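The residues making up each chain are set out below.
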Amino acid sequence: MEPWAQATSGLMVLALLAFVSRFVVQGVLFHFIRLWRRAMPGAGWAPILLHDHVLVRIAKIVPSVVVQLGIHWVEHLPANGSKAIANVATALTVYHVVRVIATLLSEINDAHDRHDGPKVTQTNSIKSYVQLGKLMAYIIGALLIAAAIMDRSPLLLLSGLGAMSAVLMLVFKDTILSFVAGVQIASNDMMRVGDWIEMPQVGADGFVVDIALNTVKVQNWDKTITTIPTWKLMSDSFKNWRGMFNSGGRRILRALHIDAATVHLLTPQERATLSNIALLKGYWSERDGLLAQPEAAQNAMPTQAIAPEMVTNLAAFKAYAYAYLMAHPRIAKGPGMFLLARTLEPSPTGIPLQLYCYTATTVWVEYEGIQGEIFDHLIGVMPLFGLALYQRSSDYSHRQIVQALQHDGDAA
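Keep in mind the model is a prediction, meaning the values are calculated, not measured.

Undergrad: Just to check I follow, could you spell out the layout of surface pockets for this structure?
TA: Think of a ball as big as a water molecule: rolled over the atoms, this probe shows where empty space is left. There is about 230 Å³ of room inside the second largest pocket. Looking at the lining of the second largest pocket, the elements that each hand over two or more residues are strand E1 (196–199), strand E6 (250–258) and helix H15 (364–381). Looking at side-chain class alone, the lining of the second largest pocket contains six nonpolar, no polar and five charged residues.

Undergrad: What am I meant to see in the environment of Leu325 here?
TA: Counting through the fold element by element, Leu325 comes out in helix H14 (residues 313–327). Contacts of Leu325, omitting those with residues within four sequence positions, involve Ile331, Lys333, Leu339, Leu340, Leu355, Cys357 and Ile374.

Undergrad: How do you make sense of the packing of aromatic side chains when you look at a structure like this?
TA: For any pair of aromatic rings, the description rests on two quantities: the centre-to-centre distance and the angle between the ring planes. Under the defined criterion, the tally for this structure stands at twelve aromatic pairs. On the numbers, 6.1 Å between centres and 80° between planes, the contact of Tyr283 with Tyr322 is edge-to-face. Here Tyr283, found in the loop between helix H12 (268–274) and strand E7 (284–285), pairs with Tyr322, found in helix H14; they are 39 residues apart in sequence, far enough to count as distant. Tyr322 matches Tyr283 in its accessibility class, with the two residues each being buried. Aromatic ring contacts, followed pair by pair, group Trp196, Phe207, Trp221, Trp241, Phe245 and Trp364 into a single cluster. The ring of Phe23 has Arg22 lying over it, and the distance from NZ or CZ to the ring centre is 5.0 Å. The ring of Tyr367 has Arg250 sitting right over it, with the charged end atom 4.9 Å from the ring centre.

Undergrad: Would you mind going over the environment of Phe238 with me for this structure?
TA: Here Phe238 lies in the loop between helix H10 (232–235) and strand E5 (239–240). For the pair Phe238 and Met199, spaced 39 residues apart in sequence, the C-alpha separation works out to 4.9 Å. Those residues within four positions of Phe238 in sequence are excluded, and the remaining contacts are Met190, Met191, Ile197, Glu198, Met199 and Leu233.

Undergrad: Would you take a moment to explain the packing of helix H4 (residues 61–70) against helix H5 (residues 79–113) for this structure?
TA: How two helices sit against one another is set out by the angle between their axes and by the gap between those axes. Taken N-terminus to C-terminus, the directions of H4 and H5 make an angle of 155°; their axes are 8 Å apart at the nearest point. Accordingly, the angle class assigned to the pair H4 and H5 is roughly antiparallel. When you trace H4 past H5, the crossing you get is left-handed. Contacts from Ile61, Ser64, Val65, Val67 and Gln68 in H4 reach Ile85, Ala86, Ala89, Thr90, Leu92, Thr93, His96, Val97 and Val100 in H5. A breakdown of the residues in the contact of H4 with H5 according to their chemical character gives nine nonpolar, five polar and no charged.

Definitions and limits used
- Residues numbered from 1 in each chain as written.
- Predicted model: local features only at pLDDT ≥ 70, side-chain atom pairs only at ≥ 80, totals over all residues.
- Heavy atoms only, no water.
- 1 Å grid on protein atoms, 1.4 Å probe; cavity = no way out; pocket = protein on both sides within 12 Å on 5 of 7 lines; lining within 4 Å.
- Points joined across faces, edges and corners; volume = space filled by probe spheres on them.
- Helix = DSSP H or I, 4+ residues; strand = E, 2+ residues; numbered from the N terminus.
- Nonpolar A, V, L, I, M, F, W, Y, C, P; charged D, E, K, R; others polar.
- Contact = heavy atoms within 4.5 Å.
- Phe/Tyr/Trp six-rings, centres within 6.5 Å; stacked < 30°, edge-to-face > 60°.
- Buried < 20%, exposed > 50% of the residue type's maximum accessible area, 1.4 Å probe, protein only.
- Lys NZ or Arg CZ within 6 Å of the ring centre and 35° of its normal.
- Axes fitted to C-alpha atoms, helices over the stretch in contact; angles between N-to-C directions.
- Parallel < 35°, antiparallel > 145°, perpendicular 65-115°, else oblique.
- Left-handed = near helix turned anticlockwise from the far one by under 90°.

Put into structure tokens, the structure is as follows:
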């Protein structure tokens, strides 16, 4: 047989052996690993690390390894040809090893997101670390593949990259900054997937849906997605609402602007009316007036009783607002859940009566419903106290004057 025919037949046998060996190794791995998984279902990380996708990638390494080992046994093959085939096989081996590492990292990330494996928590996203690991594996793999094809030492290529370090730093500047920012965010637990963050300078106001190496994705209230560079979260400030959700209560901080012209001392008829309001039983006495409250420092109520004839309708309404909040079943009462009703400094838009309290839920729709219910009720009962909201377009005192003039005209 001619030498070239022997070399060709040898290459064909080697190629067939490499092709068959992959499926043999893959079948053996699948058989024994699956048996082992069934026998040890609680083996921790091992079933994740030996996932079927990883096993398939491992089996793909075998053909190139077989070619590397067997190419020297092919007779009558030129030395240059044998060397070239061995170098290509080495490059393919490196390529498949890199793919194994990338698949392994992807499975670890997926397991973390599914809460699989031992002591796996959802405290922080590991996607940025996985992406960095893949990037490093690809870079190292590319260097090794280039060295194998050119039949040069990888150290020679690395020494040549020293002169390109400035260019590489410029190219990967954002990646380096984002990785450092990601490490700081994770180590300080500043943000997690599922947190509601607010960053007005980039138009982000919603829940974090993904934390990657270079970007953080936020789903806004209108279902749009805002993509923020990871490094920007360290250079700029943002608000994280996680503490509010963890507390179980959501703050209400809103004021009713009362027309100052409607504030006056209570008349005897108004004082008698207050005695019939059930919510004011513990705050008002027709004989003693507005009663002192032991927790006055926390709820802005009087520290000592105020005589009936010295009580204003605003003070009585403030006591009623506080009593109403205390009796409301959806308002949180407990440590750290401050509850008060207080009057602020008068302004050109009236006298603000501010309510400060927390709802017993953090669900936005329920929160808005509770807040609306409270203020609808208080606005509705204000006329019982002789008060009215300030309205710049239709001032209450102006309407009083108009009504008085009309009354005088009708009497004349």
